[in-house]
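# Working through the structure, step by step
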Amino acid sequence: MRRWRALCWVCVSGLLVSGGTVNAEDQKLDTMLIERLTGLKGAMNEQEGVFKVSSPRNDVTIAVDGWAMPPFMGLTSWAAFTAGKDAPAMVMGDLVLFQDEVNPVLSALLDNGLSVTALHNHFFWETPRIFYMHVHGHGSAEDLAGKVKPALDLIGHVKPSENQSGI
């Protein structure tokens, strides 16, 4: 688990590096608007200037090698927003997806102009299979929150297809 936490911190700290240095007085995120548009509650890290919304996968019990894993241990989708350098804001996130959710969520992100920078797994022998999709984008915080929302809305609501096994 420590390695996973370190990896996620690398993702969030990448936000800060690629976002550049921005005067906090000039670039304040409207955190209430981000929460309203994404439909998720968030927390602000004032020191780093990053506002992160998150949603744990509580909809299905997930087992790793037969052990029921609590959602807080790596089964939470998140999107982190910060002031940008070349655009008003930047978003990075990691979405926790089941096999049948990958293509619809990928399409929702790409159709809304966001980038998908990775698709991978964190565990072996998990049931059902879980994939992690990294998302990235630049623009206004309002636009980014609105662009992430369609993908977030699909998580937990995609019907398993008949021709795929797993879920």
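My aim in this report is to walk through the structure given alongside it, one point at a time.

So, how was this worked out
Residues numbered from 1 in each chain as written. Predicted model: local features only at pLDDT ≥ 70, side-chain atom pairs only at ≥ 80, totals over all residues. Heavy atoms only, no water. Pairing = 2+ DSSP bridges. Helix = DSSP H or I, 4+ residues; strand = E, 2+ residues; numbered from the N terminus. Axes fitted to C-alpha atoms, helices over the stretch in contact; angles between N-to-C directions. Contact = heavy atoms within 4.5 Å. Phe/Tyr/Trp six-rings, centres within 6.5 Å; stacked < 30°, edge-to-face > 60°. Buried < 20%, exposed > 50% of the residue type's maximum accessible area, 1.4 Å probe, protein only. Lys NZ or Arg CZ within 6 Å of the ring centre and 35° of its normal. Arc of directions from axis to C-beta. Parallel < 35°, antiparallel > 145°, perpendicular 65-115°, else oblique. Nonpolar A, V, L, I, M, F, W, Y, C, P; charged D, E, K, R; others polar.

Another aspect to go through is the sheet that holds strand E9 (residues 130–139). Hydrogen bonds along the backbone pair up the strands of a sheet, which may run parallel or antiparallel. Strand order in this open sheet of 6 strands is E1-E2-E5-E6-E9-E7, and the pairing throughout is antiparallel. Whereas interior strands pair on both sides, the edge strands pair on one side only; in this sheet they are strand E1 (42–45) and strand E7 (115–120). Neighbour-to-neighbour, the strand axes of this sheet turn through a mean angle of 15 degrees, independent of strand direction. Bridge analysis of strand E2 (residues 50–56) against strand E5 (residues 76–83) gives 7 bridges, and the strand direction is antiparallel. Across the sheet, Lys52 pairs through a bridge with Ala80, a residue of E5. Across the sheet, helix H2 (residues 31–38) touches E1, E2 and E5, and the angle it forms with E2 is around 25 degrees. Against the sheet, helix H3 (residues 102–111) contacts strand E6 (89–98), E7 and E9, and its axis sits at roughly 5 degrees relative to E9.

A few words now on the pairing of E2. Examined bridge by bridge, E1 and E2 share 4 bridges and lie antiparallel to one another. Among the inter-strand pairings, Asn45 is bridged to a residue of E2, identified as Val50. Count of turn residues in the E1/E2 antiparallel hairpin: 4 residues, of which Gly49 carries a positive phi of about 70 degrees.

Turning our eyes to something else, we now look at the environment of Ile34. With respect to the element layout, Ile34 can be found in helix H2. Taking C-alpha positions, Ile34 is 8.6 Å from Leu144, a pair spaced 110 residues apart along the chain. Setting aside chain neighbours within four positions, we find Ile34 in contact with Leu29, Phe51, Val53, Phe81, Ala141 and Ala145.

Applying the stated rule across the entire model yields 2 aromatic pairs. Where Phe124 meets Trp125, the ring centres are 5.6 Å apart and the plane angle is 55 degrees; that geometry is what we call tilted. On the accessibility criterion, Phe124 (61% relative accessible area) is exposed. Above the face of the Phe98 ring, Arg57 is positioned so that its terminal group lies 4.1 Å from the ring centre.

Once that is clear, we can look at H3. For H3, the full list of buried residues reads Val102, Val105, Ala108 and Leu109. Burial along H3 is one-sided: seen end-on, the buried residues are contained in an arc of 135 degrees. Turned more than 90 degrees from where H3 packs its buried face, Asn103 and Asp111 sit exposed. Tucked into the core, H3 has its buried residues touching E6, E7, E9 and helix H4 (141–154).

Another point: the environment of Gly156. Looking at the secondary structure, you find Gly156 in the segment after H4. Among the residues examined, Gly156 registers a relative accessible area of 35% and is labelled partly exposed. Gly156 sits 98 residues away from Asn58 along the chain, and the two C-alpha atoms are 9.1 Å apart. If we skip the residues at most four places from it in the chain, Gly156 touches Arg57, Asp59 and Glu101.

Moving on to the packing of H3 against H4. Contact pair H3 / H4: the axes reach a minimum separation of 8 Å and the direction vectors enclose 170 degrees. In this view, H3 runs roughly antiparallel relative to H4, as classed from their interaxial angle. Touching Pro104, Val105, Ala108 and Leu109 of H3 are Pro150, Ala151 and Leu154, all from H4. Class assignment for the residues of the contact of H3 with H4 results in 7 nonpolar, no polar and no charged.

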